[in-house]
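This is what each chain is made of:
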Amino acid sequence: MTRPSRALIDLNALLSNYKKLRALHGGKAFAVLKANAYGHGAVRCAKKLEMDADAFAVAFLEEGLELREAGIHKPILLLEGVFDVKELLKAANHSFWIVVSRHEQLEMIEQCSRAMRGLNVWLKLETGMNRLGLDVSLAPEYVSRLRATKVVSRVSFMTHLACADVEGDDFSIKQIEKLINATKELDCEVSFCNSARVLSAKGPRSDWARLGIAMYGINTMPGSSFALEPVMELKSQIFDVKKIKKGESVGYGCTAQVSRDSRVGIVALGYADGYPRNAMGCSVSVDGRLTKTLGAISMDMLAVDITELENSGLGSQVELWGKHIHVSEVAQHARTIPYELLCKVNRVSFLSA
Ligand SMILES: Cc1ncc(COP(=O)(O)O)c(C=O)c1O
């Protein structure tokens, strides 16, 4: 028997989520595949989505190159843009769309204009996130300077929303208004809807959505009941069983003393597989029934309480998150966000072509 620990990726669910969300948004949509498609395997996800997605987005050049080398021809936007001239020329050579959010990036394009053609540029404007972006007042100047280079075939605008998934958010509307006001005279497409904004019923829509977490089946919009299918199931099996007496404990630090005689299932999956170390006492599903992890999570193992699951034992199926256990619940228990948990998963298998 091989080690039974895998993140199973349901590519049909991914495609179905993409199509539903694109329809809900009502415009075009980037499928965001950065960080190895949020841990889901960027190449396989891209291949599954390529027929239907309008374009892909990744964080940086290497991530884009991995997709091109795997034969992906669709437009790919580099969300952080390029870091130097060498990267710019490579990006142009591979027909990547690039974000420009810093003055040096504009200067690089001006400097290399003779060596490139047909660049598709997304000007990223600062509207409140204070992470990446140009001051909105610079929008007209940047558009005319880019157009003057003659190498830029298309200029569009984007901004990133800081609070789209925050309960009672009204900051997004301020950001969107700032973007729209700064660009309305410039006849360019705009992108500001991330997953949570697409799932929010309120406010204007952008020409292009950028779909990340929701495409992977996680609805982060408070109050939204829009149905999405989980794409990743993190699974393993019980490969040893211990019987321990009331008052004994399990695992490093002897942190979890049991209050009754207990049966403990040892599961072949730990924090090196992407399960958070501080998810002690978190819900897990064993053979489809709910129980909890017990004691500290080890690097490649964890323990679960199977005292009340008489029929479970050696070989029992364990789901850490997926269809029965929502990854958001694990994230909340571990005081993090589902994004971080998903993108740290490193061994994936695919359920469908
Ligand atoms: C610039 C940018 N656009 C879009 C996204 C997708 O966001 P979400 O996963 O919330 O849909 C991200 C993700 O962090 C991002 O950094």
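Residues numbered from 1 in each chain as written. Predicted model: local features only at pLDDT ≥ 70, side-chain atom pairs only at ≥ 80, totals over all residues. Heavy atoms only, no water.

A.B. asks: For this particular structure, what's the right way to read the layout of surface pockets?
C.D. replies: Vacant regions in the atomic arrangement are exposed by a probe of water-molecule size rolled over the atoms. The volume enclosed by the largest pocket comes to roughly 880 Å³. Forming the boundary of the largest pocket are 34 residues, of which Lys34, Tyr38, Arg131, His160 and Tyr339 lie nearest the centre. Residue assignment for the lining of the largest pocket shows that the elements contributing at least two residues are α2 (34-39), α9 (195-199), α10 (327-333) and α11 (338-343). For the lining of the largest pocket, the element with the highest residue contribution is α11, accounting for four residues. Residues of the lining of the largest pocket, tallied by class, amount to 19 nonpolar, eight polar and seven charged. (1 Å grid on protein atoms, 1.4 Å probe; cavity = no way out; pocket = protein on both sides within 12 Å on 5 of 7 lines; lining within 4 Å. Points joined across faces, edges and corners; volume = space filled by probe spheres on them. Helix = DSSP H or I, 4+ residues; strand = E, 2+ residues; numbered from the N terminus. Nonpolar A, V, L, I, M, F, W, Y, C, P; charged D, E, K, R; others polar.)

A.B. asks: What exactly am I supposed to notice about the pattern of salt bridges here?
C.D. replies: Between side chains of opposite charge, a pair can form as their charged atoms come close. Tallied over the full model, the rule gives 15 salt bridges. For Arg102, the salt bridge goes to Glu104, with nearest N and O atoms at 3.1 Å. Arg102 gets classed as partly exposed once you look at its relative accessible area, which sits at 26%. Salt bridges linked by common partners bring Arg3, Asp273 and Arg347 together as one network. (Salt bridge = Lys/Arg side-chain N within 4 Å of Asp/Glu carboxyl O. Buried < 20%, exposed > 50% of the residue type's maximum accessible area, 1.4 Å probe, protein only.)

A.B. asks: Any chance you could explain the site of the ligand here in plain terms?
C.D. replies: Inspection of the region around the ligand gives Lys34, Tyr38, Lys124, Arg131, His160, Asn194, Ser195, Arg210, Gly212, Ile213 and Tyr339 as its neighbouring residues. At 2.8 Å, a side-chain N or O of Arg210 approaches a nitrogen atom of the ligand. A distance of 2.8 Å separates an oxygen atom of the ligand from a polar backbone atom of Ile213. Here the ligand, which alone exposes 390 Å², has 92% of that area covered by the protein. A majority-of-atoms criterion places the ligand in the largest pocket. In terms of residue class, the shell around the ligand is made up of three nonpolar, four polar and four charged. (Near = heavy atom within 4 Å. Polar contact = N/O pair within 3.5 Å; in protein donor to acceptor, adjacent residues only side chain to side chain. Areas by Shrake-Rupley, 256 points an atom, 1.4 Å probe, with all protein chains shown as cover. Sits in = over half its atoms within 2 Å of the grid points.)

A.B. asks: Could you clarify how one ought to interpret the packing of helix α6 (residues 103-111) against helix α7 (residues 139-148) in this entry?
C.D. replies: For any two helices packed against each other, the geometry is given by the interaxial angle and the distance between the axes. Packing of α6 against α7 leaves a shortest axis separation of 9 Å and a crossing angle of 20°. Relative to α7, the element α6 is oriented roughly parallel. Judged by the twist between their axes, the crossing of α6 over α7 is left-handed. In this structure, α6 uses His103, Leu106, Ile109 and Glu110 to contact α7, whose residues at the interface are Tyr142, Arg145 and Leu146. Residue composition of the contact of α6 with α7, by class: four nonpolar, one polar and two charged. (Axes fitted to C-alpha atoms, helices over the stretch in contact; angles between N-to-C directions. Parallel < 35°, antiparallel > 145°, perpendicular 65-115°, else oblique. Left-handed = near helix turned anticlockwise from the far one by under 90°. Contact = heavy atoms within 4.5 Å.)

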